[in-house]
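The chain contents come next:
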Amino acid sequence: MSAVAEHTTAGSSGAGEPDTNSSAAGEDYPGRHRDYEGRHRANPEGLSVWATAQSTGPVQRRGRYVPESVKHPARMLPAIAAHAIAAYTQPGDLVLDPMCGIGTTLVEAVHAGRDAFGIEYEPQWSNIADANIRHAHDQGASGRASVIRGDATRLMSLVPKALTGQVALVVTSPPYGPTVHGLVRPGEHGVVKYDDRYNDGEDKGNLAYRDLTGLTDGFAEILRGCATLLRPGGAVVVTARPWRKRGELVDLPSAVIAAGLRAGLVPTERCVALLAAVRHGQLVARPSFFQLQQVRKARSSGVPMHLIAHEDVLIFTNTRRPEDGPGVVA
């Protein structure tokens, strides 16, 4: 999908060590989440295109997230998380993001009256996620949330067994490389790129620095843990987009589908989350500087590249229900 560009609550512990000083992480979690009612709450006649970029990312986050949030190199649009939460849960449900970063999924969940918990590998981001949760509560959010620090590929060793089968919805996204995200500022020798990487590029425990095969293997382990925590018929929502490396397309969405199948999940829907606004029947893209730069370079060399104006939204369940059909992704 292409478009026209518009000019325009816990302490800190070490990476790999779980932080369990919170209600959602405690063995005595009260479990106020309702029994599953046998179906998703998504409107079966609803559109598969999510209008999630009617305003830009900075506008969506302004005042709702702490300023330090901008430092993360791969932030999910809040509207994407909010749409998934509204479609697949009801107030009181439990939401999980196993790679929660600055806590976008958790913040949108608590504002919607859901409870949530997330896993985050790097302390810098988990600390910001904690700050964003506190900020949400200061703004009147009624849900509860917490962050567990650790490696999500070892999800079941981090999460109390009491939460097995309690999660209504998982919302997450695998990491992208530095060609996709980051910030820019003018420098002496041109544009300088910053905040485009995670903390430690040498740490192979961080999925962001694995090749596609390693990323897929690690993500399959994460999804396997999510499938265990998911209640019957619960949903897993993964956003992913392809990117280009040395001119070749890296098909991350297909890799995510393969990882979900290996984890024992059933793919049931494939939607589109717009990274463009809908204006008078046309799409107005919200591209990053790097996307524009890549497209301009490609076109100057004769390659007819277009801006990517959407993310694939891949929805899985942990059980096949009669209304799901054969479980084939359209």
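Participant: What is the right way to read the overall build of the protein chain from this model?
Facilitator: Along its length, the protein chain carries eight helices and 15 strands. Of the roughly 14700 Å² of accessible surface on the protein chain, 52% is carried by carbon and sulfur atoms.

Participant: Where do I start with the confidence of the model for the protein chain in this structure?
Facilitator: Atomic detail in the predicted coordinates should be set aside for any region of low pLDDT. When the pLDDT values of the protein chain are averaged, the result is 79; 71% of them are 70 or greater. This stretch, residues 35-42, has a pLDDT under 50; its non-local contacts, to residues over four places away or in other chains, come to 25 contacts.

Participant: So what exactly am I meant to see when it comes to the pairing of strand β15 (residues 310-317) here?
Facilitator: Along any regular strand the residues' side chains alternate between the sheet's two faces. The element β15 is extensively covered by neighbouring structure, given that eight of its eight residues are classed as buried. Side chains His310, Asp312, Leu314 and Phe316 of β15 all project onto a buried face; the interleaved residues Glu311, Val313, Ile315 and Thr317 project onto the opposite face, where all are buried too. Bridging between strand β9 (residues 230-240) and β15 involves six bridges; their strand directions are antiparallel. From the neighbouring strand, Ala240 faces β15, where its bridge partner is Asp312. In this sheet, β15 lies alongside strand β12 (residues 266-274) in antiparallel orientation, the contact comprising eight bridges. Bridge pairing in β15 links Arg270 to Leu314.

Participant: I'm lost on the environment of Arg61 in this one. Help?
Facilitator: With respect to the element layout, Arg61 can be found in helix α1 (residues 57-61). For Arg61, a relative accessible area of 11% corresponds to the buried category. Taking the C-alpha atoms as reference, Arg61 lies 9.3 Å from Thr104; in sequence the two are 43 residues apart. With sequence-adjacent residues up to four places away left out, Arg61 is seen in contact with Arg75, Met76, Leu77 and Pro78. A polar contact of 3.4 Å, which involves the side chain of Arg61, links it to the backbone oxygen of Met76.

Participant: Please clarify how the pattern of salt bridges should be interpreted in this entry.
Facilitator: Two side chains with opposite charge may pair up if their charged atoms get near one another. Under the defined criterion, the tally for this structure stands at eight salt bridges. For Asp93, the salt bridge goes to Arg231, with nearest N and O atoms at 3.4 Å. Here Asp93, found in the loop between α2 (78-88) and β3 (94-97), pairs with Arg231, found in strand β9; they are 138 residues apart in sequence, far enough to count as distant. The pair Asp93 / Arg231 is uniform in exposure class, with both members buried. Where Asp217 meets Arg262, a salt bridge forms, and the shortest distance between an N and an O atom there is 2.9 Å. Placement of Asp217 in helix α6 (residues 212-229) and of Arg262 in helix α7 (residues 252-262) is noted, with a sequence separation of 45 residues between them. On the basis of relative accessibility, which here comes to 33%, the residue Asp217 falls in the partly exposed class.

Participant: How do you make sense of the sheet that holds β12 when you look at a structure like this?
Facilitator: Two strands in a sheet stick together by hydrogen bonds in their backbones, pointing the same way (parallel) or opposite ways (antiparallel). The strand order across the open sheet built from eight strands is β2-β12-β15-β9-β6-β3-β4-β5, with neighbouring strands paired in mixed fashion. Only two strands of the sheet have a single neighbouring strand rather than two, namely β2 (49-50) and β5 (145-149). Bridging between β2 and β12 involves two bridges; their strand directions are parallel. By the bridge assignment for β12, Val49 is matched with Val272. Strand contacts of α7: β9, β12 and β15, with the helix running at about 10° to β15, the strand carrying the most contacts.

Participant: Explain the nonpolar core to me, please; I cannot follow it from the model alone.
Facilitator: It is characteristic of soluble globular proteins that their nonpolar side chains tend to be buried jointly. Formed by 35 residues in total, the largest nonpolar core has its most connected members in Phe117 and Val159. Mapped onto this core, the elements with two or more residues apiece are β3, β4 (115-120), α5 (155-158), β6 (167-172), α6, β9, α7 and β15. The element that contributes the greatest number of residues to this core is α6, accounting for eight residues. If we ignore the near neighbours within four places in the chain, the residues touching Val159 are Phe117, Ile119, Ile148 and Leu229.

Participant: Mind showing me how you'd approach the side chain of Asp97 here?
Facilitator: Position of Asp97 relative to the elements: it lies in strand β3. This buried residue, Asp97, is left without a salt bridge; Arg61 holds the nearest opposite charge, at 12 Å. For Asp97, the side chain forms a polar contact with the side chain of Thr105, separated by 3.1 Å. Sequence-distant contacts of Asp97, defined by excluding residues within four places in its chain, comprise Thr105, Leu106, Phe117, Gly118, Ile119, Val171 and Thr172.

Participant: How should helix α4 (residues 123-138) be read in this particular structure?
Facilitator: Think of an α-helix as turning once every 3.6 residues; residues three or four places apart then point the same way. An ideal rise of 1.5 Å per residue puts 22 Å on 16 residues; α4 measures up with 22 Å between its terminal C-alpha atoms. Just downstream of α4, Gly140 is the residue with a positive phi angle, here 100°.

Participant: Can you walk me through the side chain of Glu120 in this structure?
Facilitator: Mapped onto the fold, Glu120 is located in strand β4. Look at Glu120: it is buried, it has no salt bridge, and the nearest opposite charge is Arg149 at 9.0 Å. A distance of 2.8 Å separates the side chain of Glu120 from the backbone nitrogen of Gly101, its partner in a polar contact. When near neighbours in sequence (up to four residues on either side) are disregarded, Glu120 contacts Met99, Cys100, Gly101, Trp125, Ser126, Val147, Ile148, Arg149 and Gly150.

Thresholds applied
- Per chain, residues are indexed from 1 in the order of the written sequence.
- Local features in this predicted model are restricted to residues of pLDDT 70 or higher, and side-chain atom pairs are both shown and tallied only at a pLDDT of 80 or more, whereas totals for entire chains, interfaces and linings draw on every residue.
- Calculated side-chain values reflect all of the structure's heavy atoms, with hydrogen atoms and water omitted.
- Note on conventions: DSSP H or I runs of at least 4 residues are helices, E runs of at least 2 residues are strands, and numbering of each starts at the N terminus.
- Each accessible area value is a Shrake-Rupley result obtained with a 1.4 Å probe; residue values ignore everything except the protein chains displayed when judging cover.
- pLDDT gives the predictor's per-residue confidence on a scale running from 0 to 100.
- When checking whether two residues touch, look at their non-hydrogen atoms; a contact exists if any pair is within 4.5 Å.
- Residue exposure (1.4 Å probe, protein chains only): buried if accessible area is under 20% of the type maximum, exposed if over 50%, otherwise partly exposed.
- Whether two strands pair comes down to DSSP finding at least two bridges between them.
- Identification of polar contacts relies on pairs of N or O atoms within 3.5 Å, with a donor-acceptor requirement for protein atoms, meaning one able to donate a hydrogen and the other able to accept it, and with residues adjacent in sequence counted only if both atoms are side-chain atoms.
- Note on definitions: salt bridges are taken to be side-chain nitrogens of Lys or Arg within 4 Å of carboxyl oxygens of Asp or Glu.
- Only the stretch in contact is used when a helix axis is fitted, and all axes are lines through C-alpha atoms; the angle between N-to-C directions ranges over 0 to 180 degrees.
- As used in this record, nonpolar core signifies buried Ala, Val, Leu, Ile, Met, Phe, Trp, Tyr and Cys residues forming a set joined through side-chain atoms within 4.5 Å.
- The charge count includes Lys and Arg as positive and Asp and Glu as negative, but it does not include His or the ends of the chains.
- Take the number of residues in a helix, subtract one, and multiply by 1.5 Å to get its expected span.

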